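What follows is the residue order along each chain.
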Amino acid sequence: MTAVTGVRVRARQGGADQGCAGYAGSVLIRQVRPLDAVSGRTPARPVDLRLHDGAISEIAPRLSPATGEEILDAGGAIAIPGLWDQHVHTGQLAQAHARLDTGGAESVGVILELVRAELALRRDTGTPGDRALIGFGHRLVDLAIRPTVPALDEVTGPAPTVLIGGDAHHAWLNSSALALLGLPPRDGILAEEDWFALAPRLLELPGVAESFTTGAAMMQRQALQRGVVGLVDMEWGRPWETWPDRSPRMRIRTAVYPAELAHAPGPTGTVLDSTGLVTMGPLKVIVDGALGSHSAYTREAYSDGHGYAGRGVLSFGTDELTAALEQAKSQGLTAAVHAIGDAAAQLALDAIAQVGIPSRIEHAQMLTDADVARMAELGVTASVQPAHLLDDRDATESVWPGHGAQAFRLRDLLTAGVPLALGSDAPVAPLDPWLAMAAAVHRSADDRPGWHPEQQLQPREAFAASTDGITSLQVGGPADLVLLGSDPFADVPLGADGLMVDTAAREAAHRLQETAVLETIVAGQASSGR
């Protein structure tokens, strides 16, 4: 089928003024080809869709316009259920546009030179010297020497500076930032729970709040341009208190952490704003750390001996986790339990089984066969961020040698019947579902073949894991959909070994990342008209 290049908005039927494409009452979308994520099929001929009061009210070969109805001519575009990012830290992401990029820096010295150059640029451009410098992206796993506060102080002087690890599990602060945030002097980084408690307070530093306001609007606009209709906000603090004031344009589920559990405004699903777009999400509990910070909690020791007994960091013990899950269950909340290491996953599944609460394992990065089987038995969803495997491929083989087959077991999880929900963990990876799907399909960020190709997903399988469980557009379903210029979800052929042909998988991943999103519609309102 020839690619479609645009969607045309027509005036409302009956001569009414031409308004936004997302007229809340009723919208008629002409000539679309709805794609079913399970079968991969589209109808032989385009059909019309009517959206009314936030739901799909009719699907037929030809629908007559109603008086006052907005009309979108889609010209044969592919229509898919709206995409979701199941794991985003919106507060951190909203600040990302103003942060110094330290990603890829492989030594403390390189990071310090980046900071030095940024401060020199600020002086040259007249940026106030007391404005905080926030950086993001480096990984402890790449650094031979541990960062220290005195080393950072020597470069920054009094300019408040916070350099956040690329996995968001630690931060390197200078003395000025520590003092402004009311923390005592220290020599090393802040990590895990100490850092998580501090992260929401970065807005107190000079200049950070202003960049947040700009970034929050930018974040929603960019997400909608990529076909994202909803996200699960895993930000620390009380995001449910701030989202209603951020002019939400997409669906938002806000998580709550154990420290704020008593203040959760209601059970999972509770509507939290006048638009109906913001709702209560799950309890989020962080059991262990991350590979990039040497803190994921594993059954076997790291090859370089980092973490507690060389096995990473256990941030939330069995008794604490069980108590938090029991409280969440009593409040009508579901649970999202962060577990990257296989020992953390085992502990999380033990607690979930004991409490009997609907749950997800966030990241589910390292799993044994027994973990996969147990997730299926318990009905626990695997909330995975496939783009992480692009960064963690080499580090996994280095610090967990011989265990690469346990990492990002997407095919095994799907085969076992474990529900998959894909996301980004933005800003750790970009808020881009097409990148996540591409990573799940090819599993390589460079010229090498896919990493453990036995775990690759077909494009439509990755797509089905990116739509919040809605695999087709149906009458009565939510009016959350995306119009595409072409269908990028064709199956990748298999070789004689039963695995995807690598060149074909690479091409499929490329097609996904090049997909043209023509329009994103949330609750019956088109993003182009907002």
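Anyway, here's the lowdown on the structure attached to this text. (Residues numbered from 1 in each chain as written. Predicted model: local features only at pLDDT ≥ 70, side-chain atom pairs only at ≥ 80, totals over all residues. Heavy atoms only, no water.)

Structural notes on the packing of helix α13 (residues 433-442) against helix α15 (residues 502-513)
One can describe the packing of α13 onto α15 by two numbers: an axis separation of 8 Å at closest approach and a directional angle of 175°. As judged from the angle between their axes, α13 and α15 are roughly antiparallel. Contact residues: W434, L435, M437, A438, V441 and H442 in α13; D502, A505, R506, A508, A509, L512 and Q513 in α15. Looking at side-chain class alone, the contact of α13 with α15 contains nine nonpolar, two polar and two charged residues. (Axes fitted to C-alpha atoms, helices over the stretch in contact; angles between N-to-C directions. Helix = DSSP H or I, 4+ residues; strand = E, 2+ residues; numbered from the N terminus. Parallel < 35°, antiparallel > 145°, perpendicular 65-115°, else oblique. Contact = heavy atoms within 4.5 Å. Nonpolar A, V, L, I, M, F, W, Y, C, P; charged D, E, K, R; others polar.)

Things to note about the sheet that holds strand β13 (residues 251-256)
Strand order in the open sheet formed by eight strands is β6-β12-β13-β14-β15-β16-β17-β18, with parallel pairing between adjacent strands. Of all strands in the sheet, those bounded by a partner on one side alone are β6 (83-88) and β18 (420-422). Here the strands of the sheet are splayed against their neighbours by 25° on average, with no regard to which way each runs. Two elements, β13 and strand β14 (residues 278-286), share four bridges in a ladder whose sense is parallel. Looking at β14, one finds that R253 is bridged to T279. (Pairing = 2+ DSSP bridges.)

Some points on a negative patch on the surface
A cluster of acidic residues, E193, D194, D319 and E320, forms a negative patch on the protein surface. Elements that contribute at least two residues to the negative patch include exactly α5 (192-198) and α8 (318-330). Along the chain, D194 turns up in helix α5. (Patch = residues over 30% accessible without salt bridge, like charges linked within 9 Å, V, L, I, M, F, W, Y side chains within 5 Å. Areas by Shrake-Rupley, 256 points an atom, 1.4 Å probe, with all protein chains shown as cover. Salt bridge = Lys/Arg side-chain N within 4 Å of Asp/Glu carboxyl O. Lys, Arg positive; Asp, Glu negative; His and termini not counted. Charge placed at Lys NZ, Arg CZ, Asp CG, Glu CD.)

Let's talk about the sheet that holds strand β9 (residues 161-164)
Spatially, the five strands line up as an open sheet ordered β7-β8-β9-β10-β11, and their pairing is mixed. In the strand order of this sheet, the two ends are held by β7 (100-101) and β11 (190-191), each with one partner. Sheet topology note: the strand β10 (residues 170-173)/β11 ladder contains two bridges and is antiparallel. The residue of β11 that forms the bridge with H170 is A191. Sheet strands in contact with helix α3 (residues 149-156) are β9 and β10, and its direction is about 50° off that of β10.

Topic: the pattern of salt bridges
The full count for this structure, using the stated rule, is 23 salt bridges. One salt bridge connects R116 with E113, and the closest N-O pair in it is separated by 3.2 Å. In this pair, R116 and E113 are both assigned in helix α2 (residues 108-125), three residues apart and thus about one turn of the helix distant. In this structure, R139 and D142 form a salt bridge, with 3.6 Å as the shortest nitrogen-oxygen distance. Through salt bridges with shared partners, a single network forms among R50, E58 and E69.

Remarks on the pairing of β6
By the criterion of burial, β6 is predominantly enclosed, with six of the six residues buried. With four bridges joining them, β6 and strand β12 (residues 228-233) adopt parallel strand pairing. Residue pairing for β12: V88 is matched across the bridge by D233. (Buried < 20%, exposed > 50% of the residue type's maximum accessible area, 1.4 Å probe, protein only.)

Some words on the packing of aromatic side chains
Enumeration over the complete set of coordinates arrives at five aromatic pairs. With centroids separated by 6.3 Å and ring planes inclined at 35°, the aromatic side chains of W236 and Y257 adopt a geometry described as tilted. With W236 in the loop between β12 and α7 (239-242) and Y257 in the loop between β13 and β14, the pair connects residues that are 21 residues apart, well separated along the chain. Judged by its relative accessible area of 8%, W236 falls in the buried class. Residue classification places Y257 among the buried residues on the basis of a relative accessible area of 9%. Ring centres of Y302 and W400 lie 5.6 Å apart, and the angle between their planes is 70°; this geometry places the pair in the edge-to-face category. Taken as a pair, Y302 in the loop between β14 and α8 and W400 in the loop between α11 (387-399) and α12 (410-416) lie far apart in primary sequence, 98 residues in all. You can call W400 buried: its relative accessible area is 3%. One aromatic cluster is present, built from ring pairs that chain together F196, W236 and Y257. Stacked on the ring of W243, the Lys or Arg R246 has its end atom at 4.2 Å from the ring centre. (Phe/Tyr/Trp six-rings, centres within 6.5 Å; stacked < 30°, edge-to-face > 60°. Lys NZ or Arg CZ within 6 Å of the ring centre and 35° of its normal.)

A closer look at the nonpolar core
Counting 125 residues, the largest nonpolar core has I80, V162, W195, L321, L325 and I361 as the members making the most contacts within it. By residue number, the principal contributor to this core is helix α9 (residues 342-355), which donates nine residues. Apart from residues no more than four positions distant in its own chain, I361 is found in contact with V337, A339, A348, L349, I352, M375, V380, T381, A382 and S383. Within the second largest apolar cluster, 18 residues are counted, among which are V47, I56, A79 and I521. (Core = buried A, V, L, I, M, F, W, Y, C linked by side-chain atoms within 4.5 Å.)

Some points on the environment of A209
Along the polypeptide, A209 turns up in helix α6 (residues 208-225). When the C-alpha atoms of A209 and Q385 are compared, they prove to be 28 Å apart, with 176 residues separating the residues in sequence.

All we've got here are geometric facts, nothing functional implied.
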